[in-house]
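Listed here are the chains, written in short residue letters.
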Amino acid sequence: MFCDLHLLMYLCSGFILLNIMVRNNIPRCLVAAMAALLLVSCGGDRFRIEGSIGNAKDSTLYLEHMGLNGPEVEDSVKLDEEGTFAFSGDGVQAPEFYRLRIANSIINVSIDSTETVRFKASYPTMATQYEVEGSENCKKIKELALLQMQLLGRAIAIDRSGTLGMKQTEDSINAIVERYKDYVRVNYIFKEPQKAYAYFALFQTLGNRLIFNPRKSNDDIRCFAAVATSWDTFYPGSERGENLHNIAIEGLKTMRIQQQKAMRAAMDPSQIEVTNIIDVPLTDNKGRLRSLKELAGKVVILDFHAFGAPGSTERIMTLRDIYGKYHDRGLEIYQVSVDPDEHFWKTQTAALPWISVHDEDALNSQYLSRYNVQQVPTFFLIDKSNSLYKRDSQIKNLENEIEGLL
């Protein structure tokens with residue numbers, strides 16, 4: 001039976017006291033009560049995390065408690081040649097989370113009560129290549145951690161491919177994140193929401209981004225609510241369960257506010273003119289506020305563009321040809337840059353003859369959402385009445401369409 005050093009010292013002093021009690025003819029019932037107290041004290045209400053980490057001689061292994069306010073060091077040990085370790089702590093009434101850490105290498109651990117969990121690993125691959133016994137939750141958490149790492153690897157590969165524009169890159173990463181979330185919802189969160197691994201899944205991240213974000217998705221709110229409700233049943237009054245409820249409630253409030261704002265914007269007559277155009281009032285590269293409304297009477301190409309995206313130069317050359325051919329007959333180009341770097345945009349547009357404006361919100365531009373722009377570049381044709389005519393996906397021959405509108 002396992003006992004900490006300070007507990008062992010306590011037991012030794014206790015057994016000495018027992019011996020004294022026997023020698024002094026203390027009633028047997030009191031001696032028996034003292035012995036029972038000592039036996040109960042020896043690890044009956046404690047958990048244990050033990051094992052070995054090879055190739056880590058002289059490294060410091062930390063046991064950290066992952067509280068709601070972040071990690072706190074609970075204990076540590078300097079590993080020897082064998083790499084063996086053993087930590088213990090008071091038993092818990094609801095699942096708690098810890099981690100074993102050497103430098104930046106981490107093994108996530110959950111503790112349900114007074115269990116003993118054993119780990120076997122080697123440094124520096126301990127974060128991904130470890131064995132665990134004694135806890136199904138810890139095995140599931142290992143699965144989730146590996147899935148998360150695979151997701152991160154795929155996202156990095158997409159970001160570095162160089163074959164996609166900024167919007168396409170963002171959309172591709174969002175697509176693999178949504179597939180990941182669908183899989184985790186079914187196989188980990190909704191499968192056993194009362195388990196520690198379901199709670200762990202809710203707080204996974206992709207870089208600095210929460211994978212399940214209750215401030216941006218009603219589906220994610222339902223995940224938090226499902227786990228919170230289960231924890232109410234299995235672990236009533238637990239701090240983590242109450243925190244989940246607060247997160248879900250705050251998420252619902254945020255989503256309602258966002259929905260109300262969207263409804264007001266959709267109904268705001270200042271945003272939609274009688275000419276059936278959603279105006280895009282932005283400052284151009286000469287510091288002048290421009291708008292689509294001022295171009296009534298002209299045929300307009302409304303072009304959403306990113307100068308930092310692949311293929312930008314070729315697209316600009318094509319637009320130059322069209323502008324040169326039709327501008328004197330009444331064509332204008334109203335180009336909206338969503339480049340994140342304003343200075344870069346100004347240098348790229350200094351010599352362009354058409355109207356070039358910049359949205360400082362970049363890919364988070366409200367106008368991308370209002371025009372349902374799914375990728376950049378995208379363009380729209382606006383007729384002389386200042387009404388939206390067609391978008392690029394509906395146009396087979398741009399010059400024929402311009403000719404017809406002029």
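The structure under discussion appears in the preceding block.
**Some points on the pairing of strand β5 (residues 96-102)**
Each regular strand carries side chains that alternate between the two faces of the sheet. With seven of its seven residues buried, β5 lies for the most part within the structure. Burial along β5 is two-sided: Glu96, Tyr98, Leu100 and Ile102 and Phe97, Arg99 and Arg101, pointing in opposite directions, are all buried. Two elements, strand β2 (residues 60-67) and β5, share four bridges in a ladder whose sense is antiparallel. Within the sheet, the bridge partner assigned to His65 lies in β5 and is Tyr98. Where β5 lies against strand β6 (residues 105-111), seven bridges are found, and the strand directions are antiparallel. Bridged to Ile102 within β6 is Ser105. Hairpin geometry of β5 and β6 is characterised by an intervening segment of two residues between the two adjacent antiparallel strands and by a positive phi of about 55° at Ala103.

**Focus on helix α8 (residues 312-326)**
For α8, with 15 residues, the first-to-last C-alpha span of 21 Å sits near the 21 Å given by 1.5 Å per residue. By the burial criterion, the buried members of α8 are Ser312, Ile316, Leu319, Ile322, Tyr323 and Tyr326. Down the axis, α8 shows its buried residues gathered within 125° of arc, on one side only. Among the exposed residues of α8, those pointing more than 90 degrees away from its buried face are Thr313, Glu314, Asp321 and Gly324.

**Overview of the nonpolar core**
Core analysis: the biggest nonpolar cluster contains 32 residues, and Leu144, Val184, Ile189 and Val227 have the highest contact counts within it. Mapped by element, the contributors of at least two residues to this core are α3 (136-160), α4 (166-189), α5 (196-202), α6 (218-234) and α7 (239-267). In this view, Ile189 contacts Val184, Ala198, Ala201, Leu202, Phe212, Cys223 and Val227; residues no more than four positions away in its chain are not counted. The next biggest cluster of nonpolar side chains, apart from the first, holds 23 residues, and it includes Ile53, Phe85, Ile102 and Ala121.

**Things to note about the pattern of salt bridges**
Scanning all chains against the criterion turns up 22 salt bridges. Asp90 is paired through a salt bridge with Arg46; the nearest N and O atoms lie 2.8 Å apart. Of the two residues, Asp90 sits in strand β4 (residues 84-90) while Arg46 sits in strand β1 (residues 46-54), which places them 44 residues apart along the sequence. Here Arg118 makes a salt bridge to Glu50, at a shortest N to O gap of 2.8 Å.

**Some points on the sheet that holds strand β15 (residues 355-358)**
Taken together, five strands build an open sheet; the order of strands is β15-β14-β13-β16-β17 and the sheet is mixed. The open sheet is flanked by β15 and β17 (388-391), the only strands paired with a single partner. Neighbour-to-neighbour, the strand axes of the sheet open up by a mean angle of 20°, direction not taken into account. Bridge analysis of strand β13 (residues 299-305) against strand β16 (residues 378-382) gives five bridges, and the strand direction is antiparallel. Within β16, the position partnered with Ile301 by the bridge is Leu381. Its contacts with the sheet place α8 against β13, β14 (331-337) and β16, and it is angled at close to 155° to β14. In this fold helix α9 (residues 342-349) packs onto β14 and β15, with an angle of close to 175° to the strand it touches most, β15.

**Here we look at the packing of aromatic side chains**
Here the structure, examined in full by the defined rule, presents 15 aromatic pairs. Note on Phe47 and Tyr98: the rings are 5.2 Å apart at their centroids and 50° apart in plane angle, and the pair reads as tilted. Here Phe47, found in strand β1, pairs with Tyr98, found in strand β5; they are 51 residues apart in sequence, far enough to count as distant. The two residues Phe47 and Tyr98 agree in class, both being buried.

**Notes on the environment of Ser387**
When you line up the elements, Ser387 lands in the loop between β16 and β17. Along the sequence, Ser387 and Val300 sit 87 residues apart, while their C-alpha atoms lie 9.7 Å from each other.

**With respect to the packing of α4 against α6**
Packed helix pairs are specified by the crossing angle of their axes together with the interaxial distance, meaning the distance between the axes. Between α4 and α6, the shortest axis-to-axis distance is 12 Å and the interhelical angle comes to 15°. In this view, α4 runs roughly parallel relative to α6, as classed from their interaxial angle. Note on packing geometry: the crossing formed by α4 with α6 is left-handed. Residues Lys181, Arg185 and Ile189 of α4 pack against Asp219, Asp220, Cys223 and Val227 of α6. Looking at the contact of α4 with α6 residue by residue, the classes come out as three nonpolar, no polar and four charged.

Calculation rules
- Residues numbered from 1 in each chain as written.
- Predicted model: local features only at pLDDT ≥ 70, side-chain atom pairs only at ≥ 80, totals over all residues.
- Heavy atoms only, no water.
- Buried < 20%, exposed > 50% of the residue type's maximum accessible area, 1.4 Å probe, protein only.
- Helix = DSSP H or I, 4+ residues; strand = E, 2+ residues; numbered from the N terminus.
- Pairing = 2+ DSSP bridges.
- Expected span 1.5 Å × (residues − 1).
- Arc of directions from axis to C-beta.
- Core = buried A, V, L, I, M, F, W, Y, C linked by side-chain atoms within 4.5 Å.
- Contact = heavy atoms within 4.5 Å.
- Salt bridge = Lys/Arg side-chain N within 4 Å of Asp/Glu carboxyl O.
- Axes fitted to C-alpha atoms, helices over the stretch in contact; angles between N-to-C directions.
- Phe/Tyr/Trp six-rings, centres within 6.5 Å; stacked < 30°, edge-to-face > 60°.
- Parallel < 35°, antiparallel > 145°, perpendicular 65-115°, else oblique.
- Left-handed = near helix turned anticlockwise from the far one by under 90°.
- Nonpolar A, V, L, I, M, F, W, Y, C, P; charged D, E, K, R; others polar.

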